[in-house]
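Analysis of the macromolecular model
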Amino acid sequence: MSEQVSDRILARLREWGVERVFGYPGDGINGLLTAWGRAEDQPRFVQARHEETAALEAVGYAKFSGRLGVCVATSGPGAIHLLNGLYDAKLDHVPVLAIVGQTARSAMGGAYQQEVDLHTLFKDVASEFLETVTVPEQLPNVLDRAIRTAYARRAPTAVIVHADVQDLAYTPPTHDHKMVPSSLDRSGWQALPSPDALERAAQVLNAGRKVAILVGQGAAGARGEVERVAEILGAGVAKALLGLDVLSDELPYVTGSIGLLGTRPSYELMRDCDTLLTIGSNFPYAEFLPEFGAARGVQIEIDPHLAGLRYPYEVNLIGDARATLEALIPLLERQDRRGWQSQVIANAQRWKEVMARRAAVSAEPVNPEHVARALSPLLPDDAILTSDSGSVANWYARHITLRGTMRGSLSGTLATMGCGVPYAIGAKFAHPDRPVVALVGDGAMQMNGMAELITVAKYRHQWEDQRLVVGVWNNRDLNQVTWELRAMGGSPQFLPSQELPDVPYARFAELLGLTGIRVEKPDEVEDAWREALAAPGPAVVEFVTDPAVPPIPPHADWDQIEATAASLLKGDADRKGVLRQGIKAKIQEFLPGGRGKSATPGGPS
């Protein structure tokens, strides 16, 4: 039997080193599915429960492996379902390839079943490269360009293949007019800024007396160089959410996350610095960066299209973070006065003490901050963490101490719900020998997580280390939005939109043959995490947590919070299980330093 177009697609994926493809079957890709059978499942087809989660699993795989994530879906609804996961890849700059089926060419334009204008559908999310294969000779060029572009642009790309084309005999492009050949190799490369730009950047940084460094995911390969720069300049280092695993939180001058889910010392670092060095980050919230004109700025960014977007930097160094820092370090002068860094270290230590006190505050029944804080010291040094969106992301960002070779990520820019468990599955296929922990709210668990537990149960035996722990914060509330409604408008909780069913997540896990643990008391939290991490296979730990614990932003203003508390008491105090009398006192108890006042200058408030 001659090689078909579908066979050539899978063969080319193998030649590019693709080992896993996440997807869901449908008749629009029947040709590919039969080719998979002929290829003895190489690359391996990973069957998700939904095309959206297949795309999210591809994103998680790419984030934690550094390699291309690939997802596949049928025409029409299957293609439509991919979009959310592909937008997650686009906004977080992750290389993902989507291979999508399409109605047979003869039916196009005939209002045929599942006929959707896929070019219109994908033209934004796959704007870097999108093409439809209509004749065999387009391969392998189209596929090669899609993969090469995904890597180069750190973006999702898409290749659409008509159902009938998949079954055609493959004929390669010939040495003729209007034929496009292709090549496979993708050599490594590094971009470097000019010597003049490096000199100007060094002048700005050497003149600084209170240097702040902000790192994002683009600095992930430059851990040693970032530490060296911080040591030379006597700087403090804050981390964007996507860059939480760039540096160890055990370094004393690391202030943790920045932004609405950030820490007080990171807020103070940006507020009080006179010089800002941003490395590999496009953190979007300018209000958490220094006041314009208050600090001089230098940025290191590999994509010139993204340079200078967030702050009026004096120097934009366009280049790879590690290579650029290696060239910059010899030009930097050691800052001998260490008062600034000492203050940063003191602020960071004080914040850790505040966080410990917040996690120790009593709640009904379990303080959600205590759940995250109890997990942190129990995590293996090689653990991979995923966090879903919602209030759980606050606890991940503020209470988990990343150390050793730990990795962690979440949907940083799209902030989509339902990514935590799919990310964890992608991480397990990227690193089957490492433990993975997903931190998920009950809303996200009901959205995607429960279905993907079926995927976990299906593939667990393919993982060398079967530990995949899903921690579920069960507070029966879409909690982040609830608090946003209260903080922004002083609105009481709108139960029809916010209240969630109380689902027995642990029991559901047990039905699938996984370990299930339910926790309803604070003194059971640590033992439950220990049991889950020691389980011989995947586990779900369900924590019944208090929805009345506020995710207070690092720049919280007491007058605003007091007004919010007053409105809550007026509207919700008589609703048992939602908010109770004394919430005003509880919010004050959770405020760092009480009533927004700090005992020492520059301390938490």
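Refer to the structure printed above.
Just so you know, these numbers come straight off a predicted model, no measurement behind them.

Scoring rules and cut-offs
- Residues numbered from 1 in each chain as written.
- Predicted model: local features only at pLDDT ≥ 70, side-chain atom pairs only at ≥ 80, totals over all residues.
- Heavy atoms only, no water.
- Patch = residues over 30% accessible without salt bridge, like charges linked within 9 Å, V, L, I, M, F, W, Y side chains within 5 Å.
- Areas by Shrake-Rupley, 256 points an atom, 1.4 Å probe, with all protein chains shown as cover.
- Salt bridge = Lys/Arg side-chain N within 4 Å of Asp/Glu carboxyl O.
- Lys, Arg positive; Asp, Glu negative; His and termini not counted.
- Charge placed at Lys NZ, Arg CZ, Asp CG, Glu CD.
- Helix = DSSP H or I, 4+ residues; strand = E, 2+ residues; numbered from the N terminus.
- Phe/Tyr/Trp six-rings, centres within 6.5 Å; stacked < 30°, edge-to-face > 60°.
- Buried < 20%, exposed > 50% of the residue type's maximum accessible area, 1.4 Å probe, protein only.
- Pairing = 2+ DSSP bridges.
- Axes fitted to C-alpha atoms, helices over the stretch in contact; angles between N-to-C directions.
- Contact = heavy atoms within 4.5 Å.
- Parallel < 35°, antiparallel > 145°, perpendicular 65-115°, else oblique.
- Nonpolar A, V, L, I, M, F, W, Y, C, P; charged D, E, K, R; others polar.
- Core = buried A, V, L, I, M, F, W, Y, C linked by side-chain atoms within 4.5 Å.

A surface patch of negative charge is lined by Asp523, Glu524, Asp527 and Glu531. Mapped onto the elements, Asp527 comes out in helix α20 (residues 525-534).

On to the packing of aromatic side chains. The tally for this structure, following the rule as stated, stands at 11 aromatic pairs. When the centroid spacing of 5.7 Å and the interplanar angle of 80° are considered together, the rings of Phe283 and Tyr285 count as edge-to-face. Among the residues examined, Phe283 registers a relative accessible area of 8% and is labelled buried. Here Phe429 and Tyr459 contribute two aromatic rings whose centre-to-centre distance is 5.6 Å and whose plane-to-plane angle is 75°, an arrangement assigned as edge-to-face. Of this pair, Phe429 sits in helix α15 (residues 420-430) while Tyr459 sits in helix α16 (residues 442-459), and the two are 30 residues apart along the sequence. On the basis of relative accessibility, which here comes to 7%, the residue Phe429 falls in the buried class. Taking the relative accessible area as the measure of exposure, Tyr459 reaches 7% and is therefore buried. An aromatic cluster is defined as three or more aromatic residues linked by ring pairs; in this entry it consists of Phe22, Tyr61, Phe429, Tyr459 and Trp463.

What follows concerns the pairing of strand β12 (residues 315-318). With burial as the criterion, only one face of β12 is covered, namely that bearing Val315 and Leu317; the residues Asn316 and Ile318 on the opposite face remain uncovered. Where strand β11 (residues 296-301) and β12 come together, four bridges link them in parallel fashion. By the bridge assignment for β12, Gln299 is matched with Asn316.

Pairs can form between side chains of opposite charge once their charged atoms are near each other. A complete count under the given rule lists 27 salt bridges for this structure. For Asp249, the salt bridge identified is with Lys239, shortest N-O distance 2.8 Å. With Asp249 in the loop between β8 (236-239) and β9 (254-257) and Lys239 in strand β8, this pair connects stretches of sequence that are 10 residues apart. Relative accessible area serves as the criterion here: at 12%, Asp249 is assigned to the buried category. What makes Lys239 buried here is its relative accessible area of 0%. One salt bridge in this structure joins Glu326 and Arg322, with 3.5 Å as the shortest N-O distance. Of the two residues, Glu326 and Arg322 both sit in helix α11 (residues 321-328), four residues apart, roughly one turn of that helix. The class for Glu326 is partly exposed, based on a relative accessible area of 42%. Residue Arg322 is classed as partly exposed on the basis of its relative accessible area, which comes to 41%. What emerges from the salt-bridge pattern is a single network uniting Glu3, Arg8, Arg12, Glu15 and Asp144.

Moving on, we come to the sheet that holds strand β5 (residues 130-133). One open sheet accounts for six strands, arranged β2-β1-β3-β4-β6-β5; its pairing is parallel. A strand with exactly one partner marks an edge of an open sheet, and here the two such strands are β2 (44-47) and β5. Here the strands of the sheet are splayed against their neighbours by 25° on average, with no regard to which way each runs. As judged from the five bridges shared by strand β3 (residues 69-73) and strand β4 (residues 96-102), these two strands associate in the parallel manner. By the bridge assignment for β4, Cys71 is matched with Ala98. Where helix α3 (residues 51-65) meets the sheet, its contacts fall on β1 (20-23), β2, β3 and β4, and the angle it forms with β3 comes to roughly 170°. The strands that helix α4 (residues 77-92) touches are β3, β4 and β6 (156-162); relative to β4, the one it contacts most, it runs at about 165°.

Below, the discussion takes up the packing of helix α10 (residues 264-272) against helix α12 (residues 339-360). Taken N-terminus to C-terminus, the directions of α10 and α12 make an angle of 155°; their axes are 8 Å apart at the nearest point. Between α10 and α12, the interaxial angle falls into the category roughly antiparallel. Seen from α10, the contacting residues are Arg264, Pro265, Glu268, Leu269 and Asp272; seen from α12, they are Trp340, Val344, Asn347, Ala348 and Trp351. Here the residues of the contact of α10 with α12 are counted per class, giving six nonpolar, one polar and three charged.

We now examine the nonpolar core. Counting 57 residues, the largest nonpolar core has Val96, Phe122, Met445 and Val470 as its most contacted members. Ranked by residue count, the leading element in this core is α3, at eight residues. Setting aside residues no more than four positions away along its own chain, Phe122 makes contact with Ala79, Leu83, Leu86, Val100, Ser127, Leu130 and Ala158.

Nothing here speaks to function; it is geometry throughout.
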